[in-house]
Amino acid sequence: METILILDFGGQYNQLIARRVRECHVYCEVKPCTTPASQLRAMNPIGIIFTGGPNSVYLEDSPHVDPSIFTWGVPILGICYGCQLLAHNLGGQVTAAQDDSAREYGKTETFYDTASPLFRGLPEEGVSWMSHGDYMAKVPEGFTLTARSAACPNVAIADEKRGFYGVQFHPEVDHTQHGTDMIRNFLYEVCHARGDWTMGDYKNTAVTQIREKVGSGRVLLALSGGVDSSVAAALLAEAVGSQLTCVFVDHGLMRLNEGDEVEEAFSKWALNFVRVDAESRFLLKLAGVDEPEQKRRIIGEEFIRVFEEEARRIGTVDFLAQGTIYPDVIESGAGDAAVIKSHHNVGGLPDYVDFKEILEPLRMLFKDEVRQLGRELGLPEYLVSRQPFPGPGLAIRIVGDITKDKADMLRQADFIFREEMARSGEAQRLSQYFAVLTNTRSVGVMGDGRTYDYTLALRAVTTSDFMTADWARIPYDLLDKVSGRIVNEVQGINRIVYDITSKPPATIEWE
């Protein structure tokens, strides 16, 4: 499988680059820029992309790359910081912009040389998304200028002979017109990719790899009933059949009736399905805990302990399987990357796990790729299209400490919200929507009496990859109906607010 190597220099859009590459049917992996050159070369990439980053390349403590990479004969695309790194390493000069006119941020009218392979077939003018305060005062020998703006004559540079290209803007973001086309041109016009990344091929390869790794061993899958673990279950079932046992841990923090729905859905499959009622032990462990990361760590460890107990009941189990996907890994921190939030199945795992190995067959897939794989495996659309539900469940949708009363309150409110979204037809255009029980209490009036109850937040987003998301514009009349029902039907809630923050700067979940 041909691979594009993406070297991460700490930019905010780095995972979006990976999404764009895979949308073009080319496989890629994101690696920290500190990864040894020998490991990177062993990946045998057909092309390399240097990402953006917040640093200045001319400072000693800024991230750099092993210079041998420029001798591999592999095409390179540098984006923003990556462009300046390319220039800095190959004899150019990068300095801080001397005046405000040389600094560019946001949407910028840009002019392209469409004779360049990177811009071939595209309009000569368009809007690009700039975010740089440094300036290429000198372009390296052998490079030509292939794009400009009113403030900057060297928006893009190219050395076609060596296949080195650099752009000062961000083609991976939606704000850059034809940005994905530019990335596609790099992949197909410069790297000569075949475009062999499809979910059908991935399924066949993954099944073979799982069979080789598991052999005659037994696998226990942590099944939540969500999209990721359901697809993992189908993939593992195809690979190892009766060697798989799916354990659904009902930790008492599921949505209304969800435990019964999961059991009903998987009762129709030829799977070894086990449901564990663990509500009391999880709530006991979480009692008095209000810090989000601690909640995730407690839940992550308790999940493992439950699975270990079930494994001992079953007999010898060699592998623990999880529905971990790429955004989970990214947000939990990898290499030098910042931890946005530890996912219970990644950063929340305990130091010791009583299994031979952990299997994560979806670890390198984004959410939409997981859904497509589910379709390839023949899963019903209602499971494949189901909106995400976090493994820690309502524990991270209850801000502050967790009690059964709070969980029951949130369960009812969330059900009303989801029910009204489905009835109205709005659910079909939303990627995810849910309720959050905040830790804020406020004065209200119900009937003739004073109340001092909780504030509930409603959250709904639209997104293609869950790495970025926009808040959903739900009709006011519908929000009014939801608010009225919750306040009247759920005791303990007297105020409803709607979250109108996108990702970034917020995350989709509150904790």
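Look up a bit, the structure's there.
Fair warning: this is a prediction, and the values are worked out from it, not measured in the lab.

Rules behind the numbers
Residues numbered from 1 in each chain as written. Predicted model: local features only at pLDDT ≥ 70, side-chain atom pairs only at ≥ 80, totals over all residues. Heavy atoms only, no water. Phe/Tyr/Trp six-rings, centres within 6.5 Å; stacked < 30°, edge-to-face > 60°. Helix = DSSP H or I, 4+ residues; strand = E, 2+ residues; numbered from the N terminus. Buried < 20%, exposed > 50% of the residue type's maximum accessible area, 1.4 Å probe, protein only. Lys NZ or Arg CZ within 6 Å of the ring centre and 35° of its normal. Core = buried A, V, L, I, M, F, W, Y, C linked by side-chain atoms within 4.5 Å. Contact = heavy atoms within 4.5 Å. Pairing = 2+ DSSP bridges. Axes fitted to C-alpha atoms, helices over the stretch in contact; angles between N-to-C directions. 1 Å grid on protein atoms, 1.4 Å probe; cavity = no way out; pocket = protein on both sides within 12 Å on 5 of 7 lines; lining within 4 Å. Points joined across faces, edges and corners; volume = space filled by probe spheres on them. Nonpolar A, V, L, I, M, F, W, Y, C, P; charged D, E, K, R; others polar. Salt bridge = Lys/Arg side-chain N within 4 Å of Asp/Glu carboxyl O.

With that out of the way, let us pick up the packing of aromatic side chains. Counted under the stated rule, the structure contains 13 aromatic pairs. Plain terms: the ring middles of Tyr-112 and Phe-169 are 6.1 Å apart, the flat faces sit at 70 degrees to each other, and that makes the pair edge-to-face. Residue Tyr-112 is found in strand S6 (residues 104-112), and its partner Phe-169 is found in the loop between strand S11 (164-167) and helix H4 (179-190); the two are separated by 57 residues along the sequence. Given a relative accessible area of 9%, Tyr-112 falls into the buried group. Ring geometry for Phe-303 and Phe-307: centres 5.8 Å apart, planes at 15 degrees, overall stacked. Of this pair, Phe-303 and Phe-307 both sit in helix H9 (residues 292-314), separated by 4 residues, roughly a single helical turn. When sorted by exposure, Phe-303 lands in the same class as Phe-307, which is buried. The positively charged end of Arg-19 is found above the aromatic ring belonging to Phe-366, 4.9 Å away from the centroid. Lying across the ring of Phe-434, Arg-397 places its NZ or CZ 3.9 Å from the centre.

Moving on: the nonpolar core. If you look at the biggest cluster of nonpolar residues, it comprises 92 residues, and the most contacted ones within it are Leu-456, Leu-458, Ile-474 and Ile-486. Broken down by element, this core gets its largest block of residues, 9 residues, from helix H6 (residues 227-240). If sequence neighbours within four positions are ignored, Ile-474 has contacts with Phe-417, Met-421, Glu-426, Arg-429, Leu-430, Ala-460, Leu-479 and Tyr-498. Counting 37 residues, the second largest nonpolar core, distinct from the first, contains Ile-6, Met-130, Ile-183 and Tyr-326.

To continue, consider the sheet that holds strand S15 (residues 319-321). Ordered by their spatial adjacency, 5 strands build an open sheet running S14-S13-S12-S15-S16, and the pairing between neighbours is parallel. A single partner strand is all that each edge strand has here, and the edge strands are strand S14 (272-277) and strand S16 (357-359). With strand direction ignored, the average angle separating the axes of adjacent strands in the sheet is 25 degrees. On top of the sheet, H6 reaches strand S12 (219-222), strand S13 (244-250), S15 and S16; it is set at about 165 degrees to S12, its chief contact.

Turning our attention to empty space enclosed by the protein. Scanning all chains against the criterion turns up 3 cavities of 30 Å³ or more. Lining the second largest cavity are Leu-77, Leu-118, Val-167, Phe-169, Pro-171, Met-182 and Ile-183. Each residue belonging to the lining of the second largest cavity can be placed in one class, and the counts come to 7 nonpolar, no polar and no charged.

Moving on to the layout of surface pockets. Quantified by volume, the second largest pocket comes out at close to 630 Å³. Forming the boundary of the second largest pocket are 28 residues, of which Tyr-382, Leu-383, Ser-385, Arg-386 and Gln-387 lie nearest the centre. When contributions to the lining of the second largest pocket are tallied by element, the ones reaching two or more residues are helix H7 (258-267), helix H11 (367-376), helix H12 (381-384) and helix H13 (404-424). Considering each element in turn, the lining of the second largest pocket owes the most residues, 5 residues, to H7.

Glancing now at the pattern of salt bridges. The final tally for this structure, using the stated rule, is 42 salt bridges. Across the salt bridge formed by Arg-194 and Glu-2, the nearest N and O atoms sit 3.7 Å from each other. Within this pair, whereas Arg-194 is found in the loop between H4 and helix H5 (199-214), its partner Glu-2 is found in the segment before strand S1 (3-8), the two being separated by 192 residues in sequence. Overall, Arg-194 belongs to the exposed group, its relative accessible area being 61%. Judged by relative accessible area, which is 7%, Glu-2 ranks as buried. When the shortest N-O distance is used, the salt bridge between Asp-408 and Lys-404 registers 3.5 Å. Of this pair, Asp-408 and Lys-404 are both found in helix H13, 4 residues apart, which corresponds to roughly one turn of the helix. A relative accessible area of 40% places Lys-404 in the partly exposed class. Put simply, Arg-19, Arg-20, Arg-22, Glu-23, Asp-174, Asp-368 and Glu-369 are held in one network by salt bridges that share partners.

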